[in-house]
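# Fold and contact review
Residue strings, one per chain:
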Amino acid sequence: MHDHRKLGRELGLFDTDPMIGAGLPYWLPDGAVLRHELEEYVRDLERRAGYRHVYSPVLGKRELYERSGHWAHYREDMFPPMRLGAEEVVLRPSLCPHHALMYRSRARSYRELPLRFAELGGMYRSELSGVLGGLTRVRAIQLNDGHVFCTVDQVAEEAARALELIREVHRVLGIEPVRYRLSLPGEGGKYVAAPELWERSAALLTEVLEKSGLPFEAQRGEAAFYGPKIDVQIADGAGREATLSTVQVDFHQPEQFQLEYVGADGGRHRPVMVHRAVIGSIERAVAHLIELYGGAFPAWLAPVQVVLLPLSVAEEPQAREVAARCLELGLRAEIAGPEQGSLGARIRAARLAPYQAVVGAREAAEGLVAPRLRDGSRPDPLPAAEFVARVAAGVAAREREPRLD
């Protein structure tokens, strides 16, 4: 069983410092590569699914969160307000109020709906020190968030599309959810008091889950304060569950912010918000991937994709040429030269890299490399250009395991 906290530090992916503070990890270069690749993959997938990407500030006036309902129902998890002259501003606990205001920034027509906004944005939770741990529970979160503004008739289809997007990402990443949960409200005053809207939202999400054919279970007390949600649950090696991805239906915030669109009948109508997080918190997603792969990431995610191993100083010029070819095709390559030890020692040190390429005297003379894959297999020597092209093709296809055929 891998512990992402230990392995992430050993691999130089992330760390923390008491001078920065608990629950506020920083990303080292190799971790930044992993995070960047994950973010760009999801952004590209969202673009293909019809989302428009936006940016919004991590601060908002207190009255924004009073309007959205966060201040009344979520204040214990928010950082205290900061006074700026006569105003109070708050580090945001969520992105949805900002996106609601973006929707409201001009008049909207039914012809624009569904309108899909997506953002990878920062948000902040005032987590207690006792629950903080590595990347799974942090105070500064980068959230892969999105909101679809649509008509009531479009809600079920948009929620289903969001769930399918989540399942596609999980398939590519190799993530296997342990269960799908329909999270419903529980007892107490932490939920918006609107029984008819809760019932309507829950019915829509139940329909989506039933049509998807996925087994699911309903659980009280796990809903967002403004509406029910589909939670996609993952588990670590110790069996501890966490929510990674979500789909939520929200009738509340469109009402709070007086969102409208002009319908085909010329009248004003209220849209519905579908919230969805494809991989949710980047921190939690990376923590899960570290533990899932033990640092041996798929080639497209690996911080170093190709390690070149010249047998001696004489072959280093050829190794540099191959490294340059890798760079031209967007691959991340490093040279582990003889100054770093014997060939065997260098091979062991680079064991997590998907591809290794040995350059000996014969290979250098003939423009070849001798490939080694992470599983220990040793394909026949290949022309350097062909080796690099095959690696690039495998990376572009986001193959789970390195291969050269």
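One structure accompanies this document, and this report is about it. (Residues numbered from 1 in each chain as written. Predicted model: local features only at pLDDT ≥ 70, side-chain atom pairs only at ≥ 80, totals over all residues. Heavy atoms only, no water.)

## Observations regarding the packing of helix H2 (residues 29–48) against helix H9 (residues 282–293)
At their nearest, the axes of H2 and H9 sit 11 Å apart, and the two run at 110° to each other. Regarding the angle of H2 to H9, the classification is roughly perpendicular. In this structure, the crossing between H2 and H9 has a hand that is right-handed. Residues Leu34, Arg35, Leu38 and Glu39 of H2 touch H9, and the partners they reach there are Ile282, Ala285, Val286 and Leu289. Of the residues assigned to the contact of H2 with H9, the class counts are six nonpolar, no polar and two charged. (Axes fitted to C-alpha atoms, helices over the stretch in contact; angles between N-to-C directions. Helix = DSSP H or I, 4+ residues; strand = E, 2+ residues; numbered from the N terminus. Parallel < 35°, antiparallel > 145°, perpendicular 65-115°, else oblique. Left-handed = near helix turned anticlockwise from the far one by under 90°. Contact = heavy atoms within 4.5 Å. Nonpolar A, V, L, I, M, F, W, Y, C, P; charged D, E, K, R; others polar.)

## Here we look at the nonpolar core
If you look at the biggest cluster of nonpolar residues, it comprises 78 residues, and the most contacted ones within it are Leu173, Ile279 and Phe387. The leading source of residues in this core is helix H6 (residues 155–173), at 10 residues. Setting aside chain neighbours within four positions, we find Ile279 in contact with Leu38, Val42, Asn144, Val169, Leu173, Leu244, Ser245 and Ala285. (Core = buried A, V, L, I, M, F, W, Y, C linked by side-chain atoms within 4.5 Å. Buried < 20%, exposed > 50% of the residue type's maximum accessible area, 1.4 Å probe, protein only.)

## What about the sheet that holds strand S17 (residues 333–335)?
Sheet architecture is open: five strands sit in the order S17-S16-S18-S19-S20, paired in mixed fashion. The sheet is open, and its two borders are formed by S17 and strand S20 (382–383), each paired with just one other strand. By the bridge criterion, four bridges tie strand S18 (residues 355–359) to strand S19 (residues 368–373) in an arrangement that is antiparallel. Bridge pairing in S19 links Ala357 to Pro371. (Pairing = 2+ DSSP bridges.)

## Comments concerning unusual backbone geometry
Between Leu113 and Pro114 the backbone carries a cis peptide bond, its omega angle lying at 0°. With respect to the helices and strands, the residue Pro114 is situated in the loop between helix H5 (96–103) and strand S7 (115–124). Not every positive phi belongs to a glycine, and Gln258 is a case in point at roughly 55°.

## Observations regarding the pairing of strand S8 (residues 140–150)
Where burial is concerned, most of S8 is hidden: nine out of the 11 residues are buried. Bridge count between S7 and S8: 10 bridges; the pairing is antiparallel. Bridge pairing links Met123 to Ile141 in S8.

## Some thoughts on the pairing of strand S9 (residues 179–184)
The side chains of a regular strand alternate between both faces of the sheet. A large share of S9 lies buried, amounting to six of its six residues. Burial along S9 is two-sided: Arg179, Arg181 and Ser183 facing one way and Tyr180, Leu182 and Leu184 facing the other are all buried. One ladder, built from five bridges, connects S9 with strand S11 (residues 229–235); its direction is antiparallel. For Arg181, the partnering residue across the bridge sits in S11 and is Asp231. Taken together, the five bridges between S9 and strand S10 (residues 216–220) define a ladder with parallel strand orientation.

## A word on the sheet that holds strand S12 (residues 241–250)
Taken together, the eight strands give an open sheet; going across it, the order is S3-S7-S8-S15-S12-S11-S9-S10, and neighbouring strands pair in mixed fashion. Each edge of the open sheet carries a strand with a single partner, namely strand S3 (52–53) and S10. Across the sheet, H6 lies against S7, S8, S9, S11, S12 and strand S15 (272–281), angled at about 5° from S15, the strand it touches most.

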